Number of protein chains: 2
Amino acid sequence: MKYLGIFYKPELFNKALSLKNLLLNEGYTVDYCESSERIKNNKVDLTIVLGGDGTFLKASHLVNNPLVGFKGGRLGFLSSYTIEEFDKFLKDLKNDNFVLDERTFLKVSELNAFCLNEVLLIKDPDQKMVDIKISFQDGELFFHADGIMLGTPTGSTGYSLSLGGPILLPNTKAFVITPVAPQFLASRSIVIPDNEKVNIEVDESVNLIIDGANFGKFSKVTVLKSKKKISILRPIDYDFTKSIKEKLGYGKKFL
Amino acid sequence: MKYLGIFYKPELFNKALSLKNLLLNEGYTVDYCESSERIKNNKVDLTIVLGGDGTFLKASHLVNNPLVGFKGGRLGFLSSYTIEEFDKFLKDLKNDNFVLDERTFLKVSELNAFCLNEVLLIKDPDQKMVDIKISFQDGELFFHADGIMLGTPTGSTGYSLSLGGPILLPNTKAFVITPVAPQFLASRSIVIPDNEKVNIEVDESVNLIIDGANFGKFSKVTVLKSKKKISILRPIDYDFTKSIKEKLGYGKKFL
C-alpha cells in the first residue's frame, strides 16, 4: 500500500494537511482531497477517512478499495483509530499489522444507489402516518407507521439501534427491518436473510434517506444486497464486541 | 409416504385414535403411540403431531424424518393444520400438495442435546442475579442478569419474543442471544451468524432449559449449530409472514 488517499471532513483540514506531510515524508504517494472526485477513480490502495461515521459513510460510497477511519466524533463504529493515533497507524501500516473487516452494502434498485448503513423511508414531520407494504420471497407485511427502515449489520449499531432494533454481528448474512413509530404495537424488528429482495410500497410519497442523505420523495423502492463490499483496516486486536462494549456499554463487564 | 407415525398429547387420545382409523382405512401403515419409543426408530416416513408447539418440540427431538403438526392450543407456529382440517390434510398428502419448511437445530455440546427453539440458562426464583460471560469467535460479552437465552429463528417467535427479541425469518442463517432481566440497560438482543460456537459461562450454577425441558444445573455450556434439521410439511399456500400476521398481529393489515 503505497498510494494513499485522504478524505476529510472540512473541519479537519489542518489535521489532514499534517497527515499528508507526514505520509509524504514516509515515502507514500498521497492523493489528498476534500472533494470526492479524485478518490472516486479508485487508483488509491487505501483511503484514509478523517471524520465521524457520517464522513466514513460518504467515503465508502465512493471507493471500492480498503478504507481506514480516524475518529472525530463521539461515537465511531466505522473508525479504527482516534486522530491522536496517527503514529500507531503508520507503524501498523508499515508492518502490515492489521485485519480486514469486510462489510456488505445494500442497493436501492431504482437509483442504483449503495447503502452501508440503512435505507429509510420516512414521512415529513407534518405529514400523516402512512401505510407501508413490505414484500419479499417469503411473504408480505403491512405497517401503519411514520416510516420503515431496512438496515445492514453495519447499520444495526446506527439509527436502527435508536429505533429499538437488535445488534447484528458484522458478518451475519442478514438484514434488519424496523418500522418507525408503528401503530398497533408491532414495533419489533424482523431479521431477514441477506439474499431476499425487499419491495417497499408506501401509499404516499415519503422521503428516501440512504445513509443519512435525502434522495427525494418516493412511494416505491426495491432494496437488495449489492455486489459492492468494502474492507475496513482494523488494528490487529480489533473485535466487534469490544466496540459495542466501549461505545454502547453493551455486554460490558461492570466490576 | 405410506408409513405414518402419530405422536400425540395424552389429552388428544380420542383424536389420535380416530385419525389412526381414518389413515388405516385409507391404506396407510400407522405407527401409533403416546410414548416416543417407537417413533424414535425413524422408520416412519412422516410423523403426525397432535398437540401444541410443546408437543411438536418433543417430537422434533425424536425424529429426523418430516413432521406435520395439528394445532391443539391457541398459538402454533409449528403446527400446519388445525385438528379440524384432517380431511384437507389427507387430500394434500394424497396429492403431494405441500411444501417442506426446513428448520435448523442448535446442539448443547455437554449433553449432546438438540434444540429447535431455545437454550435458556436461568437462575432459580430465590437465587441472586448472576454474572454471565458469552464468548464466540468474534469476541465476548458480559451480562449481569437473571439469565441468558440463545435461540434459533424458529425460537424467535417463542420465548425469545417475550424477552423482547426480534423476529427472524425461518431461513435466516443466524441465532439470537437475549439476556433475561439484565442490569444496566443492555437489554437489546444480539444476532450472530449460525456458524458461531457460543460458550456461556455463569458464575453460579443455574437451570439449563432446552426447548422448555429442565436439564438440571449448569455453570458452563457450549452451544452451536447442529447437523440435525427437520422438515415440516406445510399447506402449499403457507408462508411465514402469514403465521406472524395471524398469530401475533405483526405486520397485519388493519382496515
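Residues numbered from 1 in each chain as written. Chains lettered and ligands numbered in written order. Predicted model: local features only at pLDDT ≥ 70, side-chain atom pairs only at ≥ 80, totals over all residues. Heavy atoms only, no water.

- As annotated in an unreviewed UniProt entry, chain A carries the name NAD kinase and comes from Thermosipho japonicus.
- The record held by UniProt for chain A lists under Subcellular location (unreviewed entry) the comment "Cytoplasm".
- Its UniProt record gives chain A a comment under Cofactor (unreviewed entry), which states: "a divalent metal cation". (UniProt positions renumbered as here; feature names shortened; annotations may be inferred.)

## With respect to the overall build of chain A
Moving on, step 1. Of regular secondary structure, chain A possesses five helices and 16 strands.
Moving on, step 2. Taken along its principal axes, the extent of the C-alpha atoms in chain A is 60 × 50 × 35 Å.
Moving on, step 3. Taking all 255 residues of chain A together, 56% fall into the buried category.
Moving on, step 4. Only carbon and sulfur atoms are counted for the fraction: they give 49% of the accessible area of chain A, which is about 11000 Å². (Helix = DSSP H or I, 4+ residues; strand = E, 2+ residues; numbered from the N terminus. Buried < 20%, exposed > 50% of the residue type's maximum accessible area, 1.4 Å probe, protein only. Areas by Shrake-Rupley, 256 points an atom, 1.4 Å probe, with all protein chains shown as cover.)

## Some remarks on the pairing of strand 10 (residues 139–145) of chain B
Residue and element names in this part refer to chain B.
Moving on, step 1. Burial runs high along strand 10: five of the seven residues are buried.
Moving on, step 2. By the bridge criterion, seven bridges tie strand 9 (residues 130–136) to strand 10 in an arrangement that is antiparallel. Counterpart to Ile 134 in the pairing with strand 10 is Leu 141.
Moving on, step 3. In sequence, strand 9 turns back onto strand 10 through a hairpin of two residues. (Pairing = 2+ DSSP bridges.)

## So, the interface of chain A and chain B
Moving on, step 1. Listed per partner, the contact involves 37 residues of chain A and 37 residues of chain B.
Moving on, step 2. Between chain A and chain B, the buried area comes to about 3200 Å², and carbon and sulfur atoms account for 64% of it.
Moving on, step 3. Sorting the residues of chain A by area buried against chain B places A:Phe142, A:Arg188 and A:Tyr250 first, and these three jointly supply 22% of that buried surface.
Moving on, step 4. For the pair chain A and chain B, the interface holds zero salt bridges.
Moving on, step 5. Inspection of the region where chain A meets chain B yields 22 residue pairs in polar contact (both at pLDDT 80 or more).
Moving on, step 6. Listing elements by their share of the side of chain A that touches chain B, those giving two or more residues are strand 10 (139–145), strand 12 (167–168), strand 13 (174–180), strand 14 (190–193) and helix 5 (240–248) of chain A. (Contact = heavy atoms within 4.5 Å. Buried area = accessible area lost by both parts, 1.4 Å probe. Salt bridge = Lys/Arg side-chain N within 4 Å of Asp/Glu carboxyl O. Polar contact = N/O pair within 3.5 Å; in protein donor to acceptor, adjacent residues only side chain to side chain.)

## What about the relation of the copies chain A and chain B?
Moving on, step 1. Aligned on chain B, chain A shows an RMSD of 0.0 Å; the corresponding rotation is 180° and the shift along the axis is 0.0 Å. The symmetry that links the two subunits is that of a two-fold axis. (Least-squares fit on C-alpha atoms with pLDDT ≥ 70 in both.)

## Digging into the side chain of B:Ser80
All names here are of chain B.
Moving on, step 1. Along the chain, the position of Ser 80 falls in the loop between strand 4 (67–71) and strand 5 (81–82).
Moving on, step 2. Within the structure, Ser 80 has its side chain in polar contact with the backbone oxygen of Leu 233 (distance 2.6 Å).
Moving on, step 3. Only 3.3 Å separates the side chain of Ser 80 from the side chain of Arg 234, close enough to count as a polar contact.
Moving on, step 4. Ignoring anything within four residues of it in the chain, the contact list for Ser 80 reads Val 68, Gly 69, Ile 232, Leu 233, Arg 234 and Pro 235.

## Details of the packing of helix 1 (residues 13–25) of chain B against helix 3 (residues 86–94) of chain B
Residue and element names in this part refer to chain B.
Moving on, step 1. Where helix 1 meets helix 3, the axes come as close as 12 Å, and the angle between the chain directions of the two elements is 35°. The way helix 1 lies across helix 3 gives a crossing that is right-handed. The residues of helix 3 that touch helix 1, namely those facing Lys 15, Leu 19, Leu 22 and Leu 23, are Phe 86, Asp 87 and Leu 90.
Moving on, step 2. The residue inventory of the contact of helix 1 with helix 3, partitioned by class, reads five nonpolar, no polar and two charged. (Axes fitted to C-alpha atoms, helices over the stretch in contact; angles between N-to-C directions. Left-handed = near helix turned anticlockwise from the far one by under 90°. Nonpolar A, V, L, I, M, F, W, Y, C, P; charged D, E, K, R; others polar.)

## Structural notes on the packing of aromatic side chains
Moving on, step 1. Going through the model one piece at a time under the given rule, you end up with 14 aromatic pairs over all chains.
Moving on, step 2. Relative to A:Tyr81, the ring of A:Phe70 has its centre 5.5 Å away and its plane inclined at 20°; by these criteria the two rings are stacked. With a gap of 11 residues between them, A:Phe70 in strand 4 (residues 67–71) and A:Tyr81 in strand 5 (residues 81–82) connect regions that are remote in the sequence. Each member of the pair, A:Phe70 as well as A:Tyr81, carries the same accessibility label: buried.
Moving on, step 3. Ring-pair connections join several aromatic residues into one group, and the members of that group are A:Phe70, A:Tyr81, A:Phe86 and A:Phe89.
Moving on, step 4. In this structure, B:Lys2 packs its charged tip against the face of B:Tyr28, placed 4.4 Å from the ring centre. (Phe/Tyr/Trp six-rings, centres within 6.5 Å; stacked < 30°, edge-to-face > 60°. Lys NZ or Arg CZ within 6 Å of the ring centre and 35° of its normal.)

## Structural notes on the pairing of strand 13 (residues 174–180) of chain B
Residue and element names in this part refer to chain B.
Moving on, step 1. Counting buried residues in strand 13 gives seven out of seven residues, a clear majority hidden from the surface.
Moving on, step 2. Side chains Ala 174, Val 176, Thr 178 and Val 180 of strand 13 all project onto a buried face; the interleaved residues Phe 175, Ile 177 and Pro 179 project onto the opposite face, where all are buried too.
Moving on, step 3. Judged from the four bridges that link them, strand 13 and strand 14 (residues 190–193) form a sheet pairing that is antiparallel. Residue pairing for strand 14: Ile 177 is matched across the bridge by Ile 190.

## Thoughts on unusual backbone geometry
Residue and element names in this part refer to chain B.
Moving on, step 1. The phi dihedral of Asp 96 is positive, around 55°, even though this residue is not glycine.
Moving on, step 2. Residue position: Asp 96 is located in the loop between helix 3 and strand 6 (98–108).
Moving on, step 3. Classification of Asp 96 by relative accessible area gives exposed; the value is 58%.
Moving on, step 4. Positioned with a positive phi, Ala 181 is a non-glycine residue whose angle comes to about 50°.

## Quick notes on the domain arrangement of chain A
Residue and element names in this part refer to chain A.
Moving on, step 1. Each assigned domain of chain A is listed with its residue range as follows: domain 1 (3–96) and domain 2 (106–227).
Moving on, step 2. Contacts between the two partners involve six residues from domain 1 and, on the opposite side, seven residues from domain 2.
Moving on, step 3. Carbon and sulfur atoms supply 71% of the area buried between domain 1 and domain 2, which totals about 550 Å² over both sides.
Moving on, step 4. Of all residues in domain 1, Leu 57, His 61 and Phe 77 bury the most surface against domain 2, accounting for 77% of the area lost on that side.
Moving on, step 5. Where domain 1 meets domain 2, there are zero salt bridges.
Moving on, step 6. The interface formed by domain 1 and domain 2 contains one residue pair in polar contact (both at pLDDT 80 or more). (Domains from an automatic or database assignment.)

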